[in-house]
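Fold and contact review
Here are the chains, one letter per residue:
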Amino acid sequence: MSFLFNDLDKVSEKASYYLERTKIIQSNIANADTPNYKPKDLVFEKVLNEQIKLKKTDPKHISPEIKNETKLKVVEDGYYSGYDKNKVDVDHELAKLAESSIMYKTLIEIMKKDFGRLKYAIKGR
Amino acid sequence: MLFKGLEISMTGMEAQKVRIDIISSNIANVNSVNEKNGQPYRRKVPVFQSILDKESNIPLYKVKVAKIEEDKSPFKLKYDPNNPLADKNGYVKLPNVDPLKEMVDMMSAARSYEANLTAFNTHKNMLIKSLEIIKV
């Protein structure tokens, strides 16, 4: 997209990460009493994208742009092992849930502000 | 896809509800004999199982009650020679239900239900919050 929505792109990407993470946390809480279940978490990590390698046939060709790409990665995380081999700690999961929810709401507010600024610029008042 | 999170918390609440139902039936039958063979009632235990949701691109697990098993622990014996069900030595077999254990289980199930409900509400509020973007 154009430069106009550059920031919004990044913010919405992060917001969707928090929405996906909430789902994973919900799945952990739902399985808090399932034997042998190991809790999962989602990590937002930056990966240097070096996949794009175009062949240069002429020295005047512009070299391809290397972009920072973000990727979601699922990791297993257990903190506490109960007697039934279930590693879900409901308190911890609820804390993560609150964190995700607050971050999501903040990002939505930021997006609203961004759109508001754009609208202001268009209307001129 | 959008409401997957709500669906997963729903399965969690349903499973805990089944668990509460079984606990209620155990407590209700603390002095019962089985209707088929005349033996004492055996305590029932639900077995939870996680199911991978294949439609999602991240590993989400629903939960379900896979089966309801019988507790194989021995029956309680009570000396009561006047009871018609008593054996030669005057002992009556009673169900292997421990009311205290059932109460603890019930508390745990109620708390798990609440945790699932909290997760459900949080996710719902997040989805409603995202609607505010179009109000700008």
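Residues numbered from 1 in each chain as written. Chains lettered and ligands numbered in written order. Predicted model: local features only at pLDDT ≥ 70, side-chain atom pairs only at ≥ 80, totals over all residues. Heavy atoms only, no water.

**With respect to the pattern of salt bridges**
Applicable threshold: Throughout this description, the term salt bridge denotes a Lys or Arg side-chain nitrogen within 4 Å of a carboxyl oxygen of Asp or Glu. Here a strand is any run of E in DSSP of at least two residues, a helix any run of H or I of at least four, and the numbering for each starts at the N terminus. When a residue's accessible area, from a 1.4 Å probe over protein chains only, is under 20% of the maximum for its type it is buried; when over 50% it is exposed; and in between it is partly exposed.
Inspection of every chain in the model, using the stated rule, returns 22 salt bridges over all chains. The partner of B:E132 in a salt bridge is A:K112, and the shortest N-O contact between them spans 2.7 Å. In this pair, B:E132 sits in the segment after α2 (99-130) while A:K112 sits in helix α2 (residues 90-123), so the two residues belong to two different chains. For B:E132, a relative accessible area of 21% translates into the label partly exposed. A relative accessible area of 23% means that A:K112 is categorised as partly exposed. What you see here is one network of salt bridges that share partners, running through A:R21, A:D41, A:E93, A:K96 and A:E99.

**So, the pairing of strand β4 (residues 91-94) of chain B**
All names here are of chain B. We apply this condition: Two strands form a pair only when DSSP identifies at least two bridges running between them.
Side-chain alternation along β4 places V92 and L94 on a buried face and Y91 and K93 on a face that remains uncovered. With four bridges joining them, strand β3 (residues 76-79) and β4 adopt antiparallel strand pairing. When the bridges of β4 are listed, L77 appears paired with K93.

**Examining the UniProt feature "domain: Flagellar basal-body/hook protein C-terminal" (unreviewed entry) in chain B**
What counts here: UniProt positions are given in the numbering used here, feature names are shortened, and annotations may be inferred rather than shown by experiment.
Within this structure's numbering, the places UniProt gives as "domain: Flagellar basal-body/hook protein C-terminal" (unreviewed entry) are residues 89-127 of chain B. Secondary structure across residues 89-127 of chain B comprises 74% helix and 10% strand; the distance between its end C-alpha atoms is 67 Å.

**Remarks on the UniProt feature "domain: Flagellar basal body rod protein N-terminal" (unreviewed entry) in chain B**
When the UniProt feature table is mapped onto this chain numbering, "domain: Flagellar basal body rod protein N-terminal" (unreviewed entry) sits at residues 6-32 of chain B. Along residues 6-32 of chain B the backbone is 85% helical and 0% strand, and the end-to-end C-alpha distance reaches 39 Å.

**Digging into the side chain of A:Q26**
Rules: Whether two residues are in contact is decided by their heavy atoms, any of which lying within 4.5 Å being enough.
Mapped onto the secondary structure, A:Q26 falls in helix α1 (residues 6-30). Excluding residues that lie within four positions of it along the chain, A:Q26 makes contacts with B:G5, B:L6, B:I8, B:S9, B:A119, B:F120 and B:H123.

**Considerations on the interface of chain B and chain A**
Formally: Buried area is a sum: the accessible area each of two parts loses on coming together, probed at 1.4 Å, counted once for each and added. In protein, a polar contact means a hydrogen-donor-capable atom and an acceptor-capable atom, both N or O and within 3.5 Å, with residues adjacent in sequence counting only if both atoms are side-chain atoms; elsewhere, any N or O pair within 3.5 Å suffices. For this scheme, ten residues count as nonpolar: Ala, Val, Leu, Ile, Met, Phe, Trp, Tyr, Cys and Pro. Four count as charged, namely Asp, Glu, Lys and Arg, and the remainder, Gly too, count as polar.
In this complex, chain B contributes 36 residues to the contact, which on the side of chain A involves 32 residues. Between chain B and chain A lies a buried interface of about 2800 Å² when both sides are counted; carbon and sulfur atoms form 70% of it. Three residues, B:M126, B:K129 and B:V136, lead the burial of chain B against chain A; their summed loss comes to 23% of the area buried on that side. Taken together, chain B and chain A are joined by twelve residue pairs in polar contact (both at pLDDT 80 or more). A total of 13 residues in the side of chain B that touches chain A trace back to one element, the largest contributor, which is α2(B). Looking at the side of chain B that touches chain A residue by residue, the classes come out as 17 nonpolar, 14 polar and five charged.

**Re α2(A)**
Every α-helix winds through 3.6 residues per turn, so residues three or four apart in the chain are directed the same way. Residues and elements named next belong to chain A. Note the threshold: By definition here, a helix of n residues has an expected span of 1.5 Å times n minus one.
Its 34 residues give α2 an end-to-end C-alpha distance of 49 Å, which sits within 8% of 50 Å, the value for a rise of 1.5 Å per residue. Turning to α2, its buried residues number three or more, namely E93, K96, L97, S100, S101, Y104, L107, I108, M111, D114 and L118. Of the residues flanking the end of α2, it is G124, one or two places downstream, whose phi is positive at about 75°.

**Concerning the packing of helix α1 (residues 4-28) of chain B against α2(B)**
A pair of packed helices is captured by two measures, namely the crossing angle of their axes and the spacing between those axes. Residue and element names in this part refer to chain B. Spelled out, the test is: Angles run from 0 to 180 degrees between N-to-C directions of axes, and those axes are lines fitted to C-alpha atoms, restricted for helices to the stretch in contact. The labels follow the angle: roughly parallel below 35 degrees, roughly antiparallel above 145, roughly perpendicular from 65 to 115, and oblique for the rest. Left-handed describes a crossing whose near helix is turned anticlockwise from the far helix by less than a right angle; the clockwise case is right-handed.
The geometry of α1 relative to α2 is characterised by a closest axis approach of 9 Å and an angle of 160° between their N-to-C directions. Comparing their axes, α2 and α1 come out roughly antiparallel. Of the two possible hands of crossing, α1 and α2 adopt the one that is left-handed. Tallied by class, residues from the contact of α1 with α2 come to 15 nonpolar, nine polar and five charged.

**Section: a nonpolar patch on the surface**
Heads up, the condition is: Residues with no salt bridge and a relative accessible area higher than 30% make up the patches, which join like charges within 9 Å and nonpolar side chains (Val, Leu, Ile, Met, Phe, Trp, Tyr) within 5 Å. All accessibility values rest on the Shrake-Rupley procedure with a 1.4 Å probe; residue burial counts only the protein chains present in the view.
A grouping of B:L77, B:Y79 and B:Y91 is seen on the molecular surface, where their side chains present a nonpolar patch of about 360 Å² in accessible area. Within the secondary structure layout, B:L77 lies in strand β3.

**Here's the deal with the packing of aromatic side chains**
Stated formally: Side-chain rings of Phe, Tyr and Trp, where Trp is taken by its six-membered ring, are said to pair if the distance between their centres is within 6.5 Å; with planes under 30 degrees apart they count as stacked, over 60 as edge-to-face, and otherwise as tilted. Throughout this description, the term charge over a ring refers to an Arg CZ or Lys NZ atom that lies within 6 Å of the ring centre and within 35 degrees of the ring normal.
Following the criterion strictly, the structure yields three aromatic pairs over all chains and no others. Ring plane angle 80° and centroid distance 5.5 Å describe the contact between A:Y37 and B:Y61, whose orientation is recorded as edge-to-face. Linking A:Y37 in the loop between α1 and β1 (40-48) with B:Y61 in strand β2 (residues 61-70), this pair reaches from one chain into another. Grouping residues by exposure puts A:Y37 and B:Y61 together as buried. Arranged with centres 5.4 Å apart and planes meeting at 65°, the rings of B:Y79 and B:Y91 form a pair that is edge-to-face. Placement of B:Y79 in strand β3 and of B:Y91 in strand β4 is noted, with a sequence separation of twelve residues between them. Under the relative-accessibility criterion, B:Y91 is labelled partly exposed at 38%. The ring of A:Y37 has A:K40 lying over it, and the distance from NZ or CZ to the ring centre is 4.9 Å.

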